[in-house]
Amino acid sequence: MIKGHRNHPLWYAYALHRVSGLTLVLFLPLHFYVLSLALTQPQRLDGFLHWTEIPAVKFAEMGLVFLLSVHLLGGIRLLVLELLPWSPRQKTWAALAAGGALFVSGTFLLNAV
Amino acid sequence: MANTKDTMTVKVWRGDKHGGAYHEFAVPRQDNQTVLDVVSWLQQNRDPNLSYRFACRVGMCGSCAMMVNGTPRWTCRTHVNKVLDANTLVVAPLRNLPPIKDLVADMDPFFDKWIEAGGHHDPSASRFDAMPQIAPDDTKRAVANESIECINCAVCYAACDTVAHNENYLGPAALQRAWTLYNDEKVNDTDAVLAAVSGKGGCHNCHSQGSCSLYCPNELNPMRAIAGLKSATIKHQLKRGR
Amino acid sequence: MDIRLYMAQRLSAIIMIPLVFGHLGVMIYAIQGGLSASEILSRTQGSVFWFLFYGLFVIAVSVHGAIGLRTILSEFLRLNDLALDAIMWGFGLVSIFMGARAVSAVTWL
């Protein structure tokens with residue numbers, strides 16, 4: 001745990017939201033590039049997709065699915081906080097977002113292996 | 001003197017806006033001891049040059065706010081035995097404010113932003129007009145009442161990472177005050193209130209980390225106030241047309 | 001961040017709520033039995049629905065990500081507004097361009 005004023009659930013929720021967003025936005029150009037190979041070099045695309053059979057890659061994919069899910073669910077919590085009447089259960093919603101993301105990425109992993 | 005069982009290590013930040021360092025002392029522990037007691041003991045028994053602020057010493061004025069083991073607190077309301085970490089206390093001036101000397105922070109930027117966010121009353125009526133009859137259970141009044149007990153201690157300002165990283169950001173206290181004005185029947189121009197919090201350092205920079213509400217010694221909720229301001233500014237912007 | 005950037009980011013986020021749920025569903029379905037180009041393309045090629053779905057997604061995520069990136073950079077680097085805006089627009093436009101290529105690659109062969 002981080003010492004000092006940052007060691008509390010909603011700060012961790014903020015940090016996770018930021019890290020997940022940054023990771024996803026940096027991953028995006030790579031993602032678009034690989035898919036566009038279908039246009040020009042379809043054999044290379046299949047070559048890339050072969051990599052996805054390696055277990056380590058499946059775990060990395062699960063990681064990305066987790067980051068996307070937690071960013072989505074955490075983002076919904078923030079939209080509700082900012083646009084709808086106040087709910088005092090922010091820590092609960094943040095925990096549900098993290099839990100929901102684990103559920104979705106776990107489902108993905110079980111289908112991937 | 002009270003019974004001293006043993007001693008603890010206290011590291012105190014000494015310096016000014018140009019820089020400084022932590023000085024280490026061995027301080028006798030007592031059964032009931034606040035961090036303010038510790039700082040006062042140091043100044044009286046070890047170094048009369050140690051500068052620090054306090055006034056009421058009973059948790060009402062907010063003058064004694066400092067960083068204690070990394071969190072902003074009122075030192076008169078912080079028992080040593082609740083925060084001691086590995087028998088050590090680290091005391092520093094409030095974060096996010098330039099230090100004047102030692103544990104005394106310069107509160108000017110905090111108050112400047114308070115004014116910038118509209119922290120002054122612009123009345124909608126004069127003494128010659130009838131007083132607005134505001135029922136105690138009026139919903140807007142109830143919302144405003146939840147936030148008006150801010151005593152400007154700057155603990156929330158010190159706790160906020162967005163304040164730390166964005167020098168324009170008005171901060172939780174100033175924005176919470178704007179929220180009370182927005183909900184105040186007696187305020188003349190609520191559009192102006194919203195405009196004041198929609199600039200570069202406005203409420204839209206808040207990332208809802210929640211440190212402000214967690215550490216407020218008066219148990220206020222700036223995070224909720226700022227969320228309310230975001231909602232109000234959006235609705236206002238949409239009504240006006242983009 | 002000012003109110004206009006804030007509104008663009010929140011609006012793109014709201015648009016993406018159903019799109020991300022849909023994308024997560026697609027991924028969980030598609031990953032079964034492994035990935036292959038022909039399998040993906042057989043679902044997406046010539047599909048107006050997927051073209052619109054992912055086309056909208058590309059625009060929304062490029063706006064959302066560019067503004068988010070700008071916010072993070074503004075808080076951790078000492079850059080002036082001009083530099084921050086340049087990076088935001090640069091990233092956003094490159095992302096839309098690359099995303100558009102990817103969408104047309106899989107839907108319009």
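Note that the coordinates shown come from a computational prediction; the quantities given were computed from them, not determined experimentally.

What counts and how
- Counting from 1, residues in each chain are numbered in the order their sequence is written.
- To label them, take the chains in the order written and letter them from A, then take the ligands in the order written and number them from 1.
- For a predicted model such as this one, the threshold for reporting local features is a pLDDT of at least 70, and the threshold for listing and counting side-chain atom pairs is 80 or more; totals across whole chains, interfaces and linings nevertheless cover every residue.
- Whether a residue is buried, exposed or partly exposed is read from the other C-beta atoms within 10 Å of its own C-beta, which are placed from the backbone; 20 or more gives buried, 12 or fewer gives exposed, and intermediate counts give partly exposed.
- Where helices and strands are cited, they refer to DSSP runs of H or I of at least four residues and of E of at least two residues respectively, numbered from the N terminus.
- Strands pair, by our definition, only if DSSP identifies at least two bridges between them.
- Interaxial angles span 0 to 180 degrees and are taken between N-to-C directions of axes, which are lines fitted to C-alpha atoms, for helices over the stretch in contact.
- What counts as a contact here is a pair of residues whose C-beta atoms, placed from the backbone, lie within 7 Å.
- Each residue gets one of three labels, nonpolar for Ala, Val, Leu, Ile, Met, Phe, Trp, Tyr, Cys and Pro, charged for Asp, Glu, Lys and Arg, and polar for the others, Gly among them.
- Angular relationships are summarised with four words: roughly parallel below 35 degrees, roughly antiparallel beyond 145, roughly perpendicular across 65 to 115, and oblique for the angles in between.
- Less than a right angle of anticlockwise turn of the near helix away from the far helix marks a crossing as left-handed, whereas a clockwise turn marks it as right-handed.
- Confidence per residue, as judged by the predictor, is encoded in pLDDT with a range of 0 to 100.
- Residue count minus one, scaled by 1.5 Å, sets the expected span of a helix.
- Two axes are fitted around each residue, one to the seven residues ending there and one to the seven starting there, and the angle between them is reported as the bend at that residue.
- Working definition: the nonpolar core is a set of buried Ala, Val, Leu, Ile, Met, Phe, Trp, Tyr and Cys residues, joined through C-beta atoms within 7 Å.
- Residue ranges for the domains originate in an automatic or database domain assignment.

Looking now at the pairing of strand E3 (residues 65-68) of chain B. Residues and elements named next belong to chain B. A two-sided burial pattern is seen for E3, the buried positions comprising Ala65 and Met67 on one face and Met66 and Val68 on the other. Where E3 and strand E4 (residues 71-74) come together, four bridges link them in antiparallel fashion. Considered in E4, the bridge of valine 68 is made with threonine 71. Hairpin connection of E3 to E4: two residues between the antiparallel strands, including asparagine 69 at a positive phi of 45 degrees. For E3 and strand E5 (residues 88-92), the ladder comprises two bridges, and the chain directions are antiparallel. By the bridge assignment, methionine 67 is partnered in E5 with alanine 92.

A word on the sheet that holds strand E1 (residues 7-16) of chain B. Residue and element names in this part refer to chain B. The strand order across the open sheet built from five strands is E2-E1-E5-E3-E4, with neighbouring strands paired in mixed fashion. Edge positions in the open sheet fall to strand E2 (19-28) and E4, since each of these has one partner strand only. Neighbour-to-neighbour, the strand axes of this sheet turn through a mean angle of 30 degrees, independent of strand direction.

Before going further, it helps to spend a moment on the interface of chain C and chain B. Interface extent is often summarised as the accessible area lost during association of the parts. With seven residues of chain C at the contact, the number on the chain B side is ten residues. Of all the secondary-structure elements, those providing two or more residues to the side of chain C that touches chain B are helix H1 (3-30) and helix H3 (48-76) of chain C. If one sorts the elements of the side of chain C that touches chain B by residue count, H1(C) sits on top with three residues. Looking at the side of chain C that touches chain B, its residues break down into five nonpolar, no polar and two charged.

Turning our eyes to something else, we now look at unusual backbone geometry. When glycine is set aside, most residues are seen to have a negative phi, and most peptide bonds are trans. All names here are of chain B. The backbone phi angle of asparagine 96 is positive, close to 70 degrees, even though this residue is not glycine. Along the polypeptide, asparagine 96 turns up in the loop between E5 and strand E6 (99-101). You can call asparagine 96 buried: it has 22 C-beta atoms within 10 Å. Residues other than glycine seldom take positive phi values, yet serine 208 does so here, at roughly 55 degrees. Considering the arrangement of structural elements, one finds serine 208 in the loop between helix H8 (190-196) and helix H9 (211-215).

Turning our attention to the interface of chain A and chain C. Of the residues lining the interface, 30 residues belong to chain A; the matching set on chain C comes to 28 residues. Listing elements by their share of the side of chain A that touches chain C, those giving two or more residues are helix H1 (9-40), helix H2 (42-51), helix H3 (55-83) and helix H4 (90-112) of chain A. Ranked by the residues each element gives to the side of chain A that touches chain C, the list is headed by H1(A), at twelve residues. Residues belonging to the side of chain A that touches chain C are distributed by class as follows: 20 nonpolar, seven polar and three charged.

This part takes up the packing of H1(C) against H3(C). Residues and elements named next belong to chain C. Where H1 contacts H3, the two axes come as close as 8 Å, and the packing angle between them is 140 degrees. As judged from the angle between their axes, H1 and H3 are oblique. Helix-helix and strand crossings are classified by hand; for H1 and H3 the assignment is left-handed. Between H1 and H3, the residues in contact are Leu5, Ala8, Gln9, Ser12, Ala13, Ile15, Met16, Leu19 and Gly22 and Phe53, Leu56, Phe57, Ala60, Val61, Val63, His64, Ile67 and Gly68, respectively. Across the contact of H1 with H3, the residue classes tally to 13 nonpolar, five polar and no charged.

All names here are of chain C. With respect to the element layout, glycine 22 can be found in helix H1. Judged by the 14 C-beta atoms lying within 10 Å of it, glycine 22 is partly exposed. It is 35 Å that separates the C-alpha atoms of glycine 22 and alanine 83, two residues lying 61 residues apart in sequence.

At a minimum axis distance of 10 Å, the contact between H3(A) and H1(C) shows a crossing angle of 145 degrees. Between H3(A) and H1(C) the crossing geometry is left-handed. In contact with A:Val65, A:Leu68, A:Ser69, A:Leu72, A:Gly75, A:Ile76 and A:Leu79 of H3(A), H1(C) contributes C:Arg10, C:Ala13, C:Ile14, C:Ile17, C:Val20, C:Leu24 and C:Met27.

Let us now look at the confidence of the model for chain C. Residue and element names in this part refer to chain C. With 99% of its residues at a pLDDT of 70 or more, chain C shows a mean pLDDT of 92. Of all helices and strands in chain C, the one with the weakest mean pLDDT is helix H2 (residues 37-44) (80), whereas H3 scores best (96). With pTM at 0.93, the complex prediction returns an ipTM value of 0.91.

Taking 1.5 Å per residue, 28 residues should reach 40 Å; H1(C) reaches 39 Å between its end C-alpha atoms and fits that length. The largest bend in H1(C) amounts to roughly 40 degrees and is located at C:Met16, with the proline C:Pro18 lying one to four residues further along. Those residues of H1(C) that fall on the buried side of the exposure criterion are C:Ile3, C:Tyr6, C:Gln9, C:Arg10, C:Ala13, C:Met16 and C:Val20. The elements touched by buried residues of H1(C) are H3 of chain A, helix H10 (222-240) of chain B together with H3 of chain C.

This paragraph deals with the nonpolar core. Core analysis: the biggest nonpolar cluster contains 64 residues, and B:Val91, B:Ala154, B:Leu175, B:Ala178 and B:Leu229 have the highest contact counts within it. When residues are assigned to domains, this core turns out to be shared by domain 1 (7-105) and domain 2 (108-240) of chain B, each giving three or more. Residues within four places of B:Ala178 in sequence aside, it is in contact with B:Ala117, B:Gly118, B:Val193, B:Ala196, B:Val197 and B:Leu229. One finds A:Val70, C:Val20, C:Ala66 and C:Ala105 within the second-largest nonpolar core, a separate group that totals 43 residues.

Bringing the environment of B:Leu42 into the picture now. Residues and elements named next belong to chain B. Within the secondary structure layout, leucine 42 lies in helix H1 (residues 35-45). By the C-beta count within 10 Å, which is 19 here, leucine 42 ends up partly exposed. Note: C-alpha distance between leucine 42 and leucine 97 (55 residues apart in sequence) is 23 Å. Here leucine 42 is in contact with Val10, Val12, Phe25, Val27, Asp47 and Leu50, once residues within four sequence places are set aside.

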